[in-house]
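Below are the chains, spelled out letter by letter.
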Amino acid sequence: MSVHKDLINHAKNQNQSYQEFQALDELREKYIEEAIELCKQGKPFTTDKINEVTNKMNRINLRIISLRKNVTEDMVREYVTSLEKK
């Protein structure tokens, strides 16, 4: 019976980790959008908040989801430039 309880606890923990990961992923996307908007407006921005969340996500280390890359200010600028060319 303890194996059954262990499996239930493991599944519960995995689900909690996944839910935390999802919430962080949404926050990361929000911060990315904020950086993009500031860049489009020619205002100063940083990627500090994005990468702080990214590092938290990567520490969760869900095996089914690949690690996220840190974002640089140059990456944001390149993306905004690519949008302007379209």
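Higher on the page you've got the structure.
Residues numbered from 1 in each chain as written. Predicted model: local features only at pLDDT ≥ 70, side-chain atom pairs only at ≥ 80, totals over all residues. Heavy atoms only, no water.

(A) Main features of helix α2 (residues 48-60). Compared with an ideal rise of 1.5 Å per residue, which puts 13 residues at 18 Å, α2 spans 19 Å between its outermost C-alpha atoms and is within 8% of the ideal. Those residues of α2 not exposed but buried are Ile-50, Asn-51, Val-53, Thr-54, Met-57, Asn-58 and Ile-60. All buried residues of α2 lie within an arc of 165° about the axis, which places them on one face of the element. Facing away from the buried side of α2, by more than 90 degrees, are the exposed residues Asp-48 and Arg-59. Contacts from the buried residues of α2 go to α1 (2-40). Just downstream of α2, Asn-61 is the residue with a positive phi angle, here 50°. (Helix = DSSP H or I, 4+ residues; strand = E, 2+ residues; numbered from the N terminus. Expected span 1.5 Å × (residues − 1). Buried < 20%, exposed > 50% of the residue type's maximum accessible area, 1.4 Å probe, protein only. Arc of directions from axis to C-beta. Contact = heavy atoms within 4.5 Å.)

(B) Expanded view of the side chain of Asn-58. One can find Asn-58 in helix α2. Of note is the side chain of Asn-58, whose polar atom sits 2.8 Å from the backbone nitrogen of Arg-68. Apart from residues no more than four positions distant in its own chain, Asn-58 is found in contact with Leu-67 and Arg-68. (Polar contact = N/O pair within 3.5 Å; in protein donor to acceptor, adjacent residues only side chain to side chain.)

(C) Main features of the environment of Met-57. With respect to the helices and strands, Met-57 occurs in helix α2. It is 9.8 Å that separates the C-alpha atoms of Met-57 and Tyr-18, two residues lying 39 residues apart in sequence. In this structure, Met-57 is in contact with Phe-21, Leu-24, Asp-25, Arg-28 and Arg-68, ignoring residues within four places of it in sequence.

(D) View of the packing of α1 against helix α3 (residues 73-85). Look at α1 against α3: their axes get within 10 Å of each other, and the N-to-C directions meet at 65°. You can see that α1 and α3 cross each other, and the crossing is right-handed. Across the interface between the two elements, Ala-35, Ile-36, Cys-39 and Lys-40 of α1 pack against Val-76, Arg-77, Tyr-79, Val-80 and Leu-83 of α3. A breakdown of the residues in the contact of α1 with α3 according to their chemical character gives seven nonpolar, no polar and two charged. (Axes fitted to C-alpha atoms, helices over the stretch in contact; angles between N-to-C directions. Left-handed = near helix turned anticlockwise from the far one by under 90°. Nonpolar A, V, L, I, M, F, W, Y, C, P; charged D, E, K, R; others polar.)

(E) How the structure looks around the nonpolar core. In this structure, Phe-21, Ile-50 and Val-76 are the most contacted members of the largest nonpolar core, which totals 17 residues. Looking at this core, the elements that each hand over two or more residues are α1, α2 and α3. Residue contributions to this core peak at seven residues, all from α1. (Core = buried A, V, L, I, M, F, W, Y, C linked by side-chain atoms within 4.5 Å.)

(F) Looking closely at the pattern of salt bridges. For the structure shown, the criterion picks out seven salt bridges. Residue Arg-68 is joined to Asp-25 by a salt bridge in which the shortest nitrogen-to-oxygen separation is 3.9 Å. With a gap of 43 residues between them, Arg-68 in the loop between α2 and α3 and Asp-25 in helix α1 connect regions that are remote in the sequence. Measuring nitrogen to oxygen at the nearest pair gives 3.5 Å for the salt bridge that ties Glu-34 to Lys-49. Linking Glu-34 in helix α1 with Lys-49 in helix α2, this pair joins segments that are 15 residues apart in sequence. On the basis of relative accessibility, which here comes to 43%, the residue Lys-49 falls in the partly exposed class. Ionic contacts of the salt-bridge type, sharing partners, join the residues Lys-30, Glu-34 and Lys-49 into one network. (Salt bridge = Lys/Arg side-chain N within 4 Å of Asp/Glu carboxyl O.)

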